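This is what each chain is made of:
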Amino acid sequence: MPCVGDWLNSPLSIVQGIFAQSVANSDWEKKVTEYFKEKLKENNATHWVPSLNDVPVHYLKPNSLVKFRCMVQDMFDPEFYMGVYETVDPNTNARVLHFGKYRDVAECGPQQEIDLNSSQTVTSERQTFYCVPVPGESAWVKEISFLTDLVHLSPSTSYTPSRHKRSYEEDEDMDLHPSKQKEQHMGKSCCSGGDIHGCVEPKRLETEASAGHHVISPNCSPPLDLNFPLPGEKGPACLVKVYESWESFKVNDVLEVFGVLSVDPVLSIVNSEERDSSGLDAMECMDTAEEQRVHSPPASLVPRIHVILAQKLQHINPLLPTCLNEEESKTCEFVSNFMSELSPVRAELLGFLTHALLGDSVAAEYLILHLISTVYARRDVLPLGKFTVNLSGCPRNSAFTEHLYRLIQQLVPASYHLRMSIESMNHSRFIPHKDYTANRLVSGLLQLASNTSLLIDETLLEQGQLDTAGVRNVTALGNLITWQKVDYDFSYHRMEFPCNINVLITSEGRSLLPSDCQVHLQPQIIPPNMEEYMSSLLTAVLPSMLNKFRIYLSLLRLLDYSISDEVTKAVEEDFVEMRKNDPEGVTADDLHKMLLVARFLSLSAGQTTLSRERWLRARQLEALRKARLQQQKCVNGNEL
Amino acid sequence: MSSPASTPSRRRGKRGRGSNPSTPQDARSPPSQKRRTDDSTSTGDLQPMPTSPPADVQSPGAADALFSSPPQFRHSAIPLDFDISSPLTYGTPSSRVEGTPRSGARGTPIRQRPDLGSVRKARQVDLHSDGLAEDIVATEQSLGQKLVIWGTDVNVASCKEKFQRFLQRFIDPLDKEDEDIGLDLNEPRYMQRLQEINMVGEPFLNVNCDHLRSFDENLYRQLICYPQEVIPTFDMAANEIFFDRYPDSILEHQIQVRPYNALKTRNMRNLNPEDIDQLITISGMVIRSSQLIPEMQEAFFRCQVCAFTTRVEIDRGRIAEPSVCKNCNTTHSMALIHNRSMFSDKQMIKLQESPEDMPAGQTPHTVALFAHNDLVDKVQPGDRVNVTGIYRAVPIRVNPRVSSVKSVYKTHIDVIHYRKTDSKRLHGVDEETEQKRFTEERVEMLKELSKKPDIYERLALALAPSIYEHEDIKKGILLQLFGGSRKDFTHTGRGNFRAEINILLCGDPGTSKSQLLQYVYNLVPRGQYTSGKGSSAVGLTAYVMKDPETRQLVLQTGALVLSDNGICCIDEFDKMNESTRSVLHEVMEQQTLSIAKAGIICQLNARTSILAAANPIESQWNPKKTTIENIQLPHTLLSRFDLIFLMLDPRDEAYDRRLARHLVSLYYQSEEKMEEEYMDMAVLRDYIAYARSYVNPRLGEEASQALIEAYVDMRKIGSGRGMVSAYPRQLESLIRLAEAHAKVRFSDKVETIDVEEAKRLHREALKQSATDPRTGIVDISILTTGMSATARKRKEELAQALRKLIQSKGKAPSLKYQQLLDDLRAQSDTAVTKEMFEEALRALADEDFLTVTGKTVRLL
């Protein structure tokens, strides 16, 4: 890699080069994207690019190439900017053309002036997205993606590994006192142990520090709300400026962007100047102070990225190749390799989850099905492939759900634990709403990326009075589960945003929220010390096995599936038969459920078509589950 | 040439060469003359207008002269041709006429238009790269030999001439607009408007760009591309005509032309750099409006030494403070006098994309608007408006201390015209927006589709394809989506006939009723979805709220009003409380909502179709009971539904088999395959929208006959058994259904096949919901009176039996309640419940035969 440093450290000079070469024609923009696409295709090249997710902003060189894995939280209005502009030297009258793309500031030399009236000026349009790190991203995702980058990181980056050493220690330090972190944790308190060590902490601390610093500074009185969907989230929020095909991106999409980092302090200076100036200037700036604050926050806190390349991510699991659809031999190889050892992995995972669910293997089976479920299509309003499981009969007050969540967190790339209580239902912000004074979408708990696992803990819910907000929140949860959509509140109207969130509800009795299937937990063992039991469970799993679990769950979700005509016939027959035998008990709904179970059962075994055996197994499972519920009803009936 | 006979001399005078005949061709005056004019005008005179205000100040007569009589012109230093061709003169503040107000053009002050000129601050972003569109200088075009405004192809004189011709001649008898009350459509529309201005005194002339386009395509193009130059020309033209006609009229200021409905109507999302400085119309919703900002237009300075005064116009947002007094040559002696400076009102408004225009999964865009003078405070947050204005982009101001500049422009729109869309929505159908949605190809495609013989079945199949079968229900909903024709019988005293079809779905839980409702709600543009459980009467109708800021009472509309001209889907209809339901009575028949709250009494239109879903009271449908008994809804409400469907789970092997196959296919088909199979939701939506706005079927002769027969038949069925099985309400339903079916076919005439289908569907629905479970006979009185005829008959029989029983007991004055019941039971051959017995007692009590007190029955 001879000129790696060049395109990594000063991508703008490369752009300048291309611009100068083909200044006459307008295809220089295309050439630039092609150049960088080529560069990034090279072996492991994407890993050389420092990631804003892992490296604190102030370690990164301004105007260098960075990458950022993020979710689009809000979209701002399009901007018109000077795509090409001309500068004049007043002394010599020499005119020079510059490009304004990938820049916030139109630069010119000390002796030059920008000619605003030049006929060469080209006005172009770009779109700004407000992006936040993927909400609820598990700690292991951050660690692994960071470590893979670290291996490849080119020495030219200013963020030297020596700094890491210190952070390692800090990190371990932190792990010794997990209790300290508990409140604000998003899954960092339990570390997988073994070979991987989290290097996430230093960045967090540092951003925290810089944020804290800002609070103190007199310039900016109230701390800036970075608008993370989930409380307690950390990480840089970013203004991502997109130059091409921004129509294809949607709110809540997960993106990986490669672009030029811009932290030019001028941005902030311009703002403060505007604020200081009085009279006429106040009229000039048509936005309220609030809007100003939100739309152009200090660059040190919310850096800008000028996107050269952006792609939507299907998943954020760093253990998988980024794009699985590509007809690349590498990915095919990876998939087929993994498929060959699928069944032992499944068996291990089932065992692991059975232990986690206190020895209930049926519940564990359903949990696997739930974890690989995903909305694969929508038939008019009906989402297909959602599989909300209600795990009833959970022991109360034993922190069971808490620990179950920690285990799940270790398995899925993004998750959130929603503890339902009267208090939290009445006071949390579930639905994102538009703040018209600041002109932004204020995020809510339910603004989550696709395939996020949401564990709703109903065991904590007490009797009490829900207020209007509470009722709205519960309705929103219900809508989310039934229709897989969230109605964002735009105050004058509501807007529907489809989503794809795996909801798992733990409750004592039947949940008050709707669900696709209710599984009653039948614990075989009641460990005296839940905490000890659960953590020993985690340490018992080999880290390599844990990684396999992770691949398993992410990969199977992306597989295609079909049913042959033959099996369709058999299913038909079966259904007719069932209806004959029990016309009251079997409805179309039951068939829906059975087909869902069959689908995920087949997929969980790596089979992409439904076989007769799987179908029978699905029926069997369903029957087992129903029998349990029936039994439970009887027990309750007797008690009453 | 239709110029008014009374004014030729005047007009001629204005065009400057008194000797020329006043034909329009001459307006473009011979090139040689123009050139001479140009030559004679020194550059110093040409250049000054916007940039050097003092020149104007010293000759206040210059602008005034524009409208003065010809002799004055001849003596004027500034050649006439130039004067006319420089609209900027017009906008200069110093052109205010000081002195006694007089009538006529001379006396009426010109008011400047900040909406056109306020952003002459910096160089405009110019994409045509042919220079500035800012300073207007008359130049010669080498080829055309015409005078045009620099940077444009606008020739002021001809432009004005054309516009005057437009005003005087434009007639379009077919085009009817809301505001056209009292206009004679066969007379020139805008001349009538001018007359209105004369009477009302509001000096604004709204001009529909669509009219202009149909009149003169080129003029329209110029208006769109160079609004800043063309609109002042229009102003001049309008004023000339106006003051020719009404020389004695007194207006506050001169007439300003406000074009609207520029056909280049844009979705906010489609605005791009090419639209800068053009006239655009966009629609959206106001989300925020700023307070009034006084913007200085002209500063007034006085020398503190010699009291010499001078005015300085704002240039690019700045006041160039005179550093030297011109009179006494003292430096830095000029002081700003606030009181005598000129300010104009300005307001910043944020407009957000309307929700319909938004692509799925994205957040709405916003755009800033600047409203000036009269347009300030014309709109409030929450209003839906169509805004016509000039799109501007201004570079963020160069900071003197930093050499680099932010490379981003600020964009905004200078508002020229507002049109509120929601106020209109309350009054009438908003057809304008719907009409625009269809391209010609689309219409062609839809028409092609409508010719298919099985279009009705096809559409029904396309409706909620994920819901299996229930074909008749889907057909019913389809007809509901199309609706009947609107009829107006106000003049005969019956008011509007309802054109909307109401449907009630009831049936077992889990039969995808909610899913159907959700689908319909997602399909129609103005649909509302509420659940009976969660909605109160207030939420459905409207409520009065006090705005916390303005302390103003505001009427907030609820679901029913919001779904005016749409469909209101109400789930869990049975769970709605009594008072809420009572609101629906008015809505479902009269299609209005009356509100009397907090001093606001009003009647709102709620022409909404209602699609309701109800669960049976016992959670499972009891086939032994009637519909009314099953869902426990008042029959007064039920009879207002045109169709009531039962959604039951059929117990049938063949059905099960098909259902299974359907569901299985759901679980492996990929998304693309599904879309192929069924008609696209978008096509369906367009088809319905098109039919709703363009097809208005009327009953044909045959169809009327068929309807009459159908109605008579229905009455006959019942009369044989002493029951009435149809009421006029049912006939109306039939008519609506038939009309809707004709709409499906895009037919302007209701024909027999439509009536047949209406009959079939109506019968089908009746069969399901109005069948007397005891006799198995369709009996409409179940829905209209809540009780089947047989049940009523039985009740009477029982009462008679009881009377006989009591009479047979002889003269006993009082009887034991329980005793009587037992006796009656023993005597009767059918089971007598306590309720039936009590009813019989009550019937007898009504006949004054007996009274019931506690547990004893007394004879009277």
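Residues numbered from 1 in each chain as written. Chains lettered and ligands numbered in written order. Predicted model: local features only at pLDDT ≥ 70, side-chain atom pairs only at ≥ 80, totals over all residues. Heavy atoms only, no water.

A. Inspection of the sheet that holds strand β28 (residues 850-853) of chain B at higher detail. Residues and elements named next belong to chain B. The sheet built from three strands is open, its strands ordered β27-β29-β28 with antiparallel pairing. For this open sheet the edge positions go to β27 (814-816) and β28, each flanked by a neighbour on one side alone. Adjacent strand axes in the sheet meet at a mean angle of 25°, parallel and antiparallel pairs treated alike. Direction of pairing for β27 relative to strand β29 (residues 856-859): antiparallel, over a ladder of three bridges. Paired with Lys-816 across the two strands is Thr-856, which belongs to β29. Relative to β27, helix α36 (residues 817-827) is tilted by about 75°, and along the sheet it contacts β27 and β29. (Pairing = 2+ DSSP bridges. Helix = DSSP H or I, 4+ residues; strand = E, 2+ residues; numbered from the N terminus. Axes fitted to C-alpha atoms, helices over the stretch in contact; angles between N-to-C directions. Contact = heavy atoms within 4.5 Å.)

B. Representation of the packing of aromatic side chains within the structure. In the structure shown here, the tally under the stated rule is 22 aromatic pairs over all chains. Between Phe-19 of chain A and Phe-99 of chain A, the ring centres sit 5.4 Å apart and the planes meet at 55°, which makes this aromatic pair tilted. With Phe-19 of chain A in helix α2 (residues 11-21) and Phe-99 of chain A in strand β3 (residues 95-99), the pair connects residues that are 80 residues apart, well separated along the chain. Accessibility classification places Phe-19 of chain A together with Phe-99 of chain A in one group, the buried group. When the centroid spacing of 6.0 Å and the interplanar angle of 85° are considered together, the rings of Phe-80 of chain A and Tyr-391 of chain B count as edge-to-face. Residue Phe-80 of chain A is found in strand β2 (residues 79-88), and its partner Tyr-391 of chain B is found in strand β11 (residues 384-395); the two belong to separate chains. (Phe/Tyr/Trp six-rings, centres within 6.5 Å; stacked < 30°, edge-to-face > 60°. Buried < 20%, exposed > 50% of the residue type's maximum accessible area, 1.4 Å probe, protein only.)

C. Main features of the state of the cysteines. A complete count under the given rule lists zero disulfides over all chains for this structure. Cysteine Cys-70 of chain A shares no disulfide, and the gap to the nearest cysteine sulfur, in Cys-131 of chain A, comes to 3.8 Å. Of the residues examined, Cys-70 of chain A reaches a relative accessible area of 0% and is grouped as buried. Looking at the unpaired Cys-209 of chain B, the closest cysteine sulfur is the one in Cys-225 of chain B, lying at 12 Å. For Cys-209 of chain B, a relative accessible area of 0% gives the class buried. (Disulfide = S-S within 2.5 Å.)

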